Amino acid sequence: MSYILDQEQLDGLEEALTTDLMTLGIQSVILIDMAGNVIVNLDDGKVRHDVYSLAALAAGNFGAVSAMASIIGEEEFSLLFHKGKSENINFTKIMDDFLLVSIFGNDVSLGYLRLKIDEVIKKVKVLIEQTRST
Amino acid sequence: MAFINTKTKEVQVKLVFVGPGRGGKTTNLEYIFSRIRHRIESDMVSIKTQGDRTLFFDFLPFELGAIKGYNVKTQLYTVPGQVKYNATRKLVLKGVDGIVFVADSMVDRRENNITALNNLSENLHFYDIDIAELPLVFQYNKRDLATEGIPILDVETMEKDLNATLKAPSFTASALKGDNVIPTVKKAISTTMVAIREKLL
């Protein structure tokens, strides 16, 4: 199976993620699919991560956590958070096949970020649901 | 699950190297990495056990140029070959677009090859993928062992064991020496691209 996102959808995704998340002062936002493909990659211009490796690891990591959830009788753990000394990563699942990865410093409130992520996910869902699968 | 980005004119394709444990999957990726490291920004990512065996996967982005004006970014993955790691092996296969099956030519690994191929078929079935429908290339690895006097299977036997019904393209190779490694991956990418090319705008 493959899927295509057109310019309008990608512009819409970038705009929504920029307006709702990047303006909070977070370092980067990456929208990926569960196969590890990078759909949208936004950053604050100060960082230069290896986004493709990050996406592969994030998809694998999330898959592993979901498999663990299944073993202990949970349907899934829909969000995941890793705390570092100065940088943190938050993963949020969107529908069955997509994952939003947000990287942010300690100056950003996790609670507020999650609130904004909940809001932006609604917009992302609408845009992705128009996707043409083949 | 190939992703086609019409804005950046980019296609992202996932190619997975599978096969029995100690068959040379990681060695394939290491050789490819040694050949392309000067022109890619990424490092090869490996999640290994302390004993240097693949625990989860190896990952290497590989760019092949443009097809129909679309830049093709291929993500190469390996899976752990050991039987006990099936849960992680299954995870890596999620969204796979093409397979390289690295079979071990050593005579005493004959059963392991067949077991690994059956396991691949079962794992693909979990994602509703029929192995016969998926782009697939066989690589009969470790052919160099014959020069060291180690008994290896003849190609006809391996074809009969693994490729009799699938009739996929196959290559003899030595991942350690790099023989036929690049032709194998190029064939896998081109076969995969043929499968998704019709979907390009």
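Relevant structure appears above.
Residues numbered from 1 in each chain as written. Chains lettered and ligands numbered in written order. Predicted model: local features only at pLDDT ≥ 70, side-chain atom pairs only at ≥ 80, totals over all residues.

Asker: Provide a residue-level description of the nonpolar core, including the pertinent values.
Answerer: Grouped together as the largest cluster of nonpolar side chains are 89 residues, with contacts concentrated most on A:Ile32, A:Leu99, B:Val16 and B:Phe101. The leading source of residues in this core is helix 2 (residues 51-71) of chain A, at seven residues. For B:Phe101, the contacting residues outside a window of four places in its chain are B:Val18, B:Gly19, B:Leu117, B:Leu120, B:Leu136, B:Phe138 and B:Gln139. (Core = buried A, V, L, I, M, F, W, Y, C linked by C-beta atoms within 7 Å. Buried ≥ 20, exposed ≤ 12 C-beta atoms within 10 Å, placed from the backbone. Helix = DSSP H or I, 4+ residues; strand = E, 2+ residues; numbered from the N terminus. Contact = placed C-beta atoms within 7 Å.)

Asker: Tell me about the packing of helix 1 (residues 25-36) of chain B against helix 5 (residues 181-197) of chain B, and please be specific about residues and values.
Answerer: Residue and element names in this part refer to chain B. Axis separation between helix 1 and helix 5 bottoms out at 10 Å; the angle between their running directions is 95°. The angle between helix 1 and helix 5 places the two elements in the roughly perpendicular class. Seen from helix 1, the contacting residues are Asn28, Tyr31, Ile32 and Arg35; seen from helix 5, they are Val181, Ile182 and Val185. Its residues placed into classes, the contact of helix 1 with helix 5 shows five nonpolar, one polar and one charged. (Axes fitted to C-alpha atoms, helices over the stretch in contact; angles between N-to-C directions. Parallel < 35°, antiparallel > 145°, perpendicular 65-115°, else oblique. Nonpolar A, V, L, I, M, F, W, Y, C, P; charged D, E, K, R; others polar.)

Asker: Tell me about the pairing of strand 5 (residues 87-94) of chain A, residues and numbers included.
Answerer: Residues and elements named next belong to chain A. As paired strands, strand 4 (residues 79-83) and strand 5 are joined by five bridges and run antiparallel to one another. Bridge pairing in strand 5 places Leu79 opposite Thr92. Here strand 4 hands over to strand 5 after three residues, the two strands then running antiparallel side by side. With eight bridges joining them, strand 5 and strand 6 (residues 98-105) adopt antiparallel strand pairing. Bridge pairing in strand 6 places Ile89 opposite Ile103. The antiparallel pairing of strand 5 with strand 6 creates a hairpin that spans three residues between the two strands, and Met95 there sits at a positive phi of about 50°. (Pairing = 2+ DSSP bridges.)

Shape is all these values report; function is a separate question.
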